[in-house]
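The primary structure of each chain is shown beneath.
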Amino acid sequence: MDIRVDEKLTEETDLLVLGLCEGDKDYYKSIDKDLADELERVIKAKIFSSKFGSIYTTWLKNKLRVLILGVGTEKEFSIERLRRALARAVKYAKGNNIERFSTNLVSYFFQRKAEDERLIGRGAAEGIILASYSFDKYLTPKEEKKPLSTIFIQWKKEKKSFELGLCEGTIIAESTNYVRDLVNEPSILVTTDYLAAQAQAIAKTFKKTVSVRVLGRKELEKEGCNAILAVGKGSIQEPKLVILEYKGGNKGDQSTAIVGKGITFDTGGYNIKLTGYIETMKTDMAGAAIVLGTIKCLAKLNVKKNVCGVFATCENAVSGSSYKPGDIIRAYNKKTIEITNTDAEGRVVLADALAYTEKNYKPKQIIDLATLTGACFVALGNQISGAISTNKDLLRNLQKAGEESYDRLWELPLLDEYMDGMDSTVADVKNSEPIKYGAGTIMGAVFLKQFVEKVPWAHLDIAGTTFLQEEKEYLPKGATGAGTRLLLYYLLR
Ligand code: BES
Ligand code: ZN
Ligand code: ZN
């Protein structure tokens, strides 16, 4: 997608996309008298309104197609509104075989309301590129479609930060689309080998800043990562721990570690999942995909930070060699885990990944991302991820990045009273406790905390936000990439 910036609205285009906010009459008079009259008529007739989401299409001087979007009141203008308005424009263009459009939306919003130019640019590129995404490679095309290729953005204010933002937003959104692809691709393709190969490809492309290590079965045995090995035992796929080190910062600077859950398919194991729950379980590697997408984006943007990206990947399959309820496993940090439910496998692989990361990479903080609990979807739905942390500052800053990117987080408490919830009578900790406390998402974190010794840590549960049953604004049906932009906004601050 080619995004161009100009002070004027170009007329050499297939479509003009214009905003209309409440009470704005004069703007259209300055564009075209007939158009202004027409708008007055259709607003009076209640065919169109300035309410956000209302749309009207017409022609300018009988030759240029015009799409007018109601964008609400001036007070409601925000970067998120801009993302959504541009997303609507993109979807309209794609649905109508339009190859290029020009729009005043960005300047229309922020001529009137001040915002950081760089964040406006980011938001604009994100709205466009996130909304352009579709996962249709396996569909036989019904008709020849022209792709939307060029968007002209009118922008009259300071140009440098705005264009920097556009450039960042483009790469952030493309990285998010890469994560969406990894999550949408079926588990027949996205195996543990495939994810490791993605990491290796990133390290190869960015030789100067990115290095990769892949621990396979043999290395995991040697290191004592028995928790990852246990979950992967029932599958023909080889369990792996993958570490991508991005070194964009100063040499001695401690890194932020991001750790992802990479279950390529979660059958539930012997605690097998039922129809209605199992269908989408190819998405259970979203945490790992986010780690890949984030490191790739940091390297592309040449961000001046050190970030250590780690993911544990295996398949939770059913077979004669699968791990079973009642098994007791010794994790990397020597703690023993009683398996009470083979479907609580994510926390088991993360146990090793977290402990291994803290011990061997000595990060200043760890953020893990995991499609960990169905309970998180029950509590928060599909529009906001759950966050649990041992460090207030880390959590607040992640939440701020969440608001800015609109890839949001809601805090859940790690209450003292719940801390014995995962105690076992035969091992140091058990992996599930369905009855005593409820609080399924918090219990996941109570378990994980056993495997983080002292470094500030935040756990992000993305089980609800990773996958949508129907599209919403710039989020497509299927994989959303939720968590990616959040992390990138956080790391770019
Ligand atoms: N991968 C699932 C969680 C999940 C559910 C992700 C729905 C996306 C959508 C996880 O491994 C799981 O099965 N968790 C169990 C935990 C329970 C056994 C303690 C759950 O949520 O039921
Ligand atoms: Zn599971
Ligand atoms: Zn799972």
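Residue numbers restart at each chain and count upward from 1, following the sequence in its written direction. Going through the entries in the order they are written, you letter the chains from A and number the ligands from 1. Restriction of local features to residues with pLDDT of at least 70 applies here, the model being predicted, together with a cutoff of 80 or more for giving and counting side-chain atom pairs; totals for whole chains, interfaces and linings are based on all residues. The side-chain figures draw on all heavy atoms in the structure; neither hydrogens nor water molecules are used.

Asks: Sorry, what's going on with empty space enclosed by the protein here?
Replies: Picture a little ball the size of a water molecule; that probe, rolled over the atoms, points out where space is still empty. The pocket and cavity definitions rest on a 1 Å grid over protein atoms only: a 1.4 Å probe that fits but cannot leave marks a cavity, an open set with protein on both sides within 12 Å along at least five of seven lines marks a pocket, and residues lining either have an atom within 4 Å of a point. Grid points are joined across faces, edges and corners, and a volume is the space filled by probe spheres set on the points. In total, this model carries one cavity of 30 Å³ or more according to the counting rule given. If you add up the space inside the largest cavity, you get close to 230 Å³. Around the largest cavity sit 19 residues that line it, and Gln-383, Tyr-406, Asp-407, Tyr-474 and Leu-475 are the ones nearest its centre. Mapped onto the lining of the largest cavity, the elements with two or more residues apiece are α3 (79-95) and α6 (160-184). Looking at the lining of the largest cavity residue by residue, the class counts come to four nonpolar, seven polar and eight charged. Runs of H or I in DSSP of at least four residues are treated as helices and runs of E of at least two as strands, each being numbered from the N terminus. Throughout this entry, Asp, Glu, Lys and Arg are counted as charged residues, while Ala, Val, Leu, Ile, Met, Phe, Trp, Tyr, Cys and Pro are counted as nonpolar. The remaining residues, Gly among them, count as polar.

Asks: So what exactly am I meant to see when it comes to the coordination of the zinc ion (ligand 3) here?
Replies: Where a metal carries four tetrahedral donors, each ideal angle is 109.5 degrees; where it carries six octahedral donors, the ideal angles are 90 or 180 degrees. Donor criterion used throughout: N, O or S atom within 2.8 Å of the metal, extended to 3.2 Å for Na, K and Ca. Water excluded; incomplete-looking sites may result. Looking at the zinc ion (ligand 3), one finds its protein donor set to be Lys-261 (NZ), Asp-266 (OD), Asp-284 (OD) and Glu-345 (OE), positioned 2.0 to 2.5 Å from the metal centre. Taken together, the six donor atoms coordinating the zinc ion (ligand 3) span angles of 78 to 172 degrees at the metal, a pattern that classifies the geometry as octahedral. Of note, the zinc ion (ligand 3) draws all its donor residues from one chain, in the sequence arrangement K-x4-D-x17-D-x60-E. Between the zinc ion (ligand 3) and the zinc ion (ligand 2), both coordinated by Asp-266, there is a metal-metal distance of 3.2 Å. Linking Asp-266 in strand β9 (residues 256-266) with Asp-284 in the loop between β9 and α10 (286-301), this pair joins segments that are 18 residues apart in sequence. Residue class for Asp-266 comes out buried when judged on its relative accessible area of 3%. Working rule for geometry: tetrahedral if four donors all subtend angles between 85 and 135 degrees; square planar for four, octahedral for six, if opposite donors exceed 155 degrees and the others stay between 65 and 115; irregular in every other situation. Here the term buried applies to any residue with accessible area under 20% of the maximum for its type, exposed to any over 50%, and partly exposed to those in between, with areas from a 1.4 Å probe on protein chains only.

Asks: Please clarify how a nonpolar patch on the surface should be interpreted in this entry.
Replies: A surface patch of nonpolar side chains, amounting to about 350 Å² of accessible area, comprises Tyr-138, Ile-188 and Leu-189. Inspection of the secondary structure assignment puts Ile-188 in the loop between α6 and α7 (192-205). Residue Ile-188 is classed as exposed on the basis of its relative accessible area, which comes to 75%. Residues with no salt bridge and a relative accessible area higher than 30% make up the patches, which join like charges within 9 Å and nonpolar side chains (Val, Leu, Ile, Met, Phe, Trp, Tyr) within 5 Å. Per-residue and other accessible areas were derived by the Shrake-Rupley procedure at a 1.4 Å probe size, with only the shown protein chains allowed to occlude residues. By definition here, a salt bridge exists when the distance from a side-chain nitrogen of Lys or Arg to a carboxyl oxygen of Asp or Glu is within 4 Å.

Asks: Even after reading the chapter, I still don't get the pattern of salt bridges, so can you show me in this structure?
Replies: When the charged atoms of two side chains lie near each other, side chains of opposite charge can form a pair. Per the stated rule, a full pass over the model turns up 28 salt bridges. Between Arg-112 and Asp-24 there is a salt bridge whose closest N-O contact spans 2.9 Å. Residue Arg-112 is located in the loop between α4 (105-110) and α5 (117-131), and its partner Asp-24 is located in the loop between β2 (15-20) and α1 (26-31); the two are separated by 88 residues in the primary sequence. The shortest N-O distance in the salt bridge between Glu-345 and Lys-261 comes to 3.1 Å. Here Glu-345, found in the loop between β12 (336-338) and α11 (346-361), pairs with Lys-261, found in strand β9; they are 84 residues apart in sequence, far enough to count as distant. With respect to burial, Glu-345 and Lys-261 carry one shared label: buried. Among the charged side chains, a network of salt bridges with common partners joins Glu-80, Arg-83, Arg-84, Arg-88, Glu-126, Glu-473 and Arg-485.

Asks: Would you mind showing me how to read the coordination of the zinc ion (ligand 2) here?
Replies: Protein coordination at the zinc ion (ligand 2): the donors are Asp-266 (OD), Asp-343 (O), Asp-343 (OD) and Glu-345 (OE), at 2.0 to 2.2 Å from the metal. With six donor atoms in place around the zinc ion (ligand 2) and angles of 73 to 169 degrees between them, the coordination shape is irregular.

Asks: Is there a simple way to explain the layout of surface pockets in this structure?
Replies: Roughly 1200 Å³ of internal volume is contained in the largest pocket. In this structure, the largest pocket is lined by 37 residues; those nearest its centre are Lys-273, Tyr-277, Thr-373, Gly-374 and Ala-375. Elements supplying a minimum of two residues to the lining of the largest pocket: β9, α12 (374-380), α14 (440-449) and β18 (467-468). By residue number, the principal contributor to the lining of the largest pocket is α12, which donates four residues. Across the lining of the largest pocket, the residue classes break down as 14 nonpolar, 15 polar and eight charged. The space that makes up the second largest pocket amounts to roughly 830 Å³. In terms of lining residues, the second largest pocket is bounded by 26 residues, among which Lys-94, Ser-134, Phe-135, Asp-136 and Lys-145 are the most central. Class assignment for the residues of the lining of the second largest pocket results in twelve nonpolar, four polar and ten charged.

Asks: Which parts of the structure should I look at to understand the sheet that holds strand β7 (residues 210-215)?
Replies: The strands making up a sheet are joined through hydrogen bonds of the backbone, oriented either antiparallel or parallel. On the basis of which strands lie adjacent, the open sheet formed by eight strands has the order β7-β8-β10-β9-β13-β17-β14-β15 and mixed pairing. Here the strands that pair on one side only, and so sit at the sheet edges, are β7 and β15 (409-411). Along the sheet, successive strands turn relative to each other by an average axial angle of 20 degrees, direction set aside. Sheet topology places strand β8 (residues 240-247) next to strand β10 (residues 306-316); eight bridges connect them, and they run antiparallel. Across the sheet, residue Val-242 finds its bridge partner in β10, namely Phe-311. Contact definition: two residues touch when any of their heavy atoms are within 4.5 Å. Axis geometry follows a simple rule: fit a line to the C-alpha atoms, using only the stretch in contact for helices, then measure angles between N-to-C directions, giving values from 0 to 180 degrees. Against the sheet, α10 touches β7, β8, β9, β10 and β13 (365-370), its axis set at about 135 degrees to β9. Each of β7, β8, β9, β10, β13 and β17 (457-461) touches α11; the most contacted strand, β9, lies at about 155 degrees to it. Two strands qualify as a pair provided that DSSP identifies no fewer than 2 bridges between them.

Asks: Looking at this model, I keep getting lost on the pairing of strand β4 (residues 64-70). Mind explaining?
Replies: Regular strands place their side chains on alternate faces of the sheet. In terms of residue burial, β4 counts as a mostly covered element, since six of its seven residues are buried. Looking at chain direction, β2 and β4 are connected through six bridges and run parallel. In the sheet register, Val-17 faces β4, and the bridge partner there is Leu-67. Sheet topology places strand β3 (residues 55-60) next to β4; six bridges connect them, and they run antiparallel. Each residue of the ladder has a partner; that of Leu-60, found in β4, is Leu-64.

Asks: Could you clarify how one ought to interpret α11 in this entry?
Replies: An expected span of 1.5 Å times one less than the residue number is assigned to each helix. Over its 16 residues, α11 extends 21 Å from the first C-alpha to the last, a length consistent with the 22 Å expected when each residue adds 1.5 Å. Burial within α11 is extensive, with 14 of its 16 residues counted as buried. Two residues or fewer past α11, Lys-362 is found with a positive phi of approximately 40 degrees.

Asks: Help me out: how do you make sense of the sheet that holds strand β11 (residues 328-330) in this one?
Replies: Overall, mixed pairing links the three strands, which are arranged β11-β12-β16 in an open sheet. Strands at the two margins of the open sheet, each flanked by one partner only, are β11 and β16 (429-430). Pairing of β12 with β16 involves two bridges; the strand directions are parallel. Across the sheet, residue Glu-338 finds its bridge partner in β16, namely Lys-430.

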